[in-house]
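As a plain string of letters, each chain reads:
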Amino acid sequence: MHALGNDYIVINEFDGEKVKNKEEFSKKVCRRRFSIGADGVIFIQKPSSNNYDVKFRIFNSDGSEAEMCGNGIRCFSKYVYERILKKNPLKVETKAGLRVCELEVEDDRVKKIRVYMGKPSFKCKDIPVKSEKEEFINERAELKNPYLKEVNITAVSVGNPHAIIFVDDLEKIREHLDVIGSEIENLPIFPERINVHFVKVLNDKEIKILTWERGVGYTMACGTGATASAVVSNRLGFTKDKVLVHLDGGDLEIEIKDDGAYMKGDAVMVYDGVMFREAYEG
Ligand SMILES: N[C@H](CCC[C@H](N)C(=O)O)C(=O)O
């Protein structure tokens, strides 16, 4: 499945057998050309308590497990509603806590999903960022790569960690995104690494972002990243509380309210019924 070109392999463990080594499995099946290929793997599981309807786990293509995934949870919700559990809204258990997915359904097909993305945190201890400061807002970071010597970073958590960097020219960054993104992702001040987003403010209601994801690299879209970018743009006064985020793969609507952030977008079932056994044991 994919959401704005951020593609995931979805495994139904809710009523299917469990994959034993999820880290190894994810690395193997995400490898483009050598296997099915994807930005990550999503597992649908039974929840740990009846406070939730279903449990969501997400592994990046490098095998690392993330706390949350905005594009992934839209794919997940579409799959769950159409094939497992006709519940709407869906109360989803994630490593980042409860996420609620409101589904727009037409002829029994999920078209759009509005996700409650939780309450963002700017606290260094929550993100995490190794700093004596309480928050990491517009802080200078020196870089060693030959293309970009320093950046101003604002760090925020939306369940998973994000480094937001405002620039005027995204295309200049895109030329060397692999080197620049990877260096920032792995800076020592980010003990759990970090997702990296370069943001161009278009006006007080729209931003455009270029994403380098922790554990993946360049992706065409990042739902938690779009949310994080909109939250930071709003906090710094560049945009209002409703932000249209333009990503390489398409657009996401982010709304910032007192109880937290909301993200709205679609999800697409590309191919179904592929038996993963061969890919894993092959
Ligand atoms: N790479 C992310 C997880 C996937 C997030 C992204 N695909 C989204 O749509 O939010 C991390 O390690 O935190």
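Residues numbered from 1 in each chain as written. Predicted model: local features only at pLDDT ≥ 70, side-chain atom pairs only at ≥ 80, totals over all residues. Heavy atoms only, no water.

Going by the annotation in an unreviewed UniProt entry, the name recorded for the chain is Diaminopimelate epimerase, with Methanocaldococcus infernus given as the source organism. Under the Pathway (unreviewed entry) heading, UniProt states for the chain: "Amino-acid biosynthesis; L-lysine biosynthesis via DAP pathway; DL-2,6-diaminopimelate from LL-2,6-diaminopimelate: step 1/1." (UniProt positions renumbered as here; feature names shortened; annotations may be inferred.)

**A closer look at the domain arrangement of the chain**
The domain boundaries assigned to the chain delineate domain 1 (2-116) and domain 2 (124-265). Taken together, the contact between domain 1 and domain 2 spans 25 residues of the former and 31 residues of the latter. Approximately 2100 Å² of surface area, both sides summed, lies buried where domain 1 meets domain 2, with 46% of it carried by carbon and sulfur atoms. Broken down residue by residue, the surface that domain 1 buries against domain 2 is led by L4, R114 and Y116, which jointly contribute 31%. For the pair domain 1 and domain 2, the interface holds four salt bridges. With a closest N to O distance of 2.7 Å, E67 and R214 form a salt bridge. (Domains from an automatic or database assignment. Contact = heavy atoms within 4.5 Å. Buried area = accessible area lost by both parts, 1.4 Å probe. Salt bridge = Lys/Arg side-chain N within 4 Å of Asp/Glu carboxyl O.)

**A closer look at the packing of aromatic side chains**
Overall, the coordinates contain six aromatic pairs when judged by the stated rule. Aromatic side chains F166 and F238 sit 4.9 Å apart centroid to centroid with 75° between the ring planes, which places their arrangement in the edge-to-face category. Separated by 72 residues along the polypeptide, F166 in strand β11 (residues 161-166) and F238 in the loop between α5 (223-235) and β15 (242-247) bring together distant segments of the chain. Classification of F238 as partly exposed rests on a relative accessible area of 36%. The ring of F14 has K46 sitting right over it, with the charged end atom 4.4 Å from the ring centre. The lysine or arginine in question, K86, covers the ring of Y81, its NZ or CZ lying 4.8 Å from the ring centre. (Phe/Tyr/Trp six-rings, centres within 6.5 Å; stacked < 30°, edge-to-face > 60°. Helix = DSSP H or I, 4+ residues; strand = E, 2+ residues; numbered from the N terminus. Buried < 20%, exposed > 50% of the residue type's maximum accessible area, 1.4 Å probe, protein only. Lys NZ or Arg CZ within 6 Å of the ring centre and 35° of its normal.)

**With respect to the side chain of H162**
Take H162: it is sitting in strand β11. Exposure remark for H162: the relative accessible area of 0% places this residue in the buried category. When sequence neighbours within four positions are dropped, the list of residues in contact with H162 reads T154, A155, V156, I194, N195, H197, C222, T224, G225 and A228.

**A word on the pattern of salt bridges**
Under the defined criterion, the tally for this structure stands at 24 salt bridges. Notably, a salt bridge pairs R57 with E65, separated by 2.8 Å at the nearest N-O pair. Residue class for R57 comes out partly exposed when judged on its relative accessible area of 23%. When the shortest N-O distance is used, the salt bridge between R193 and E185 registers 3.1 Å. Overlapping salt bridges, with partners in common, bring together D7, R32 and D39 in one network.

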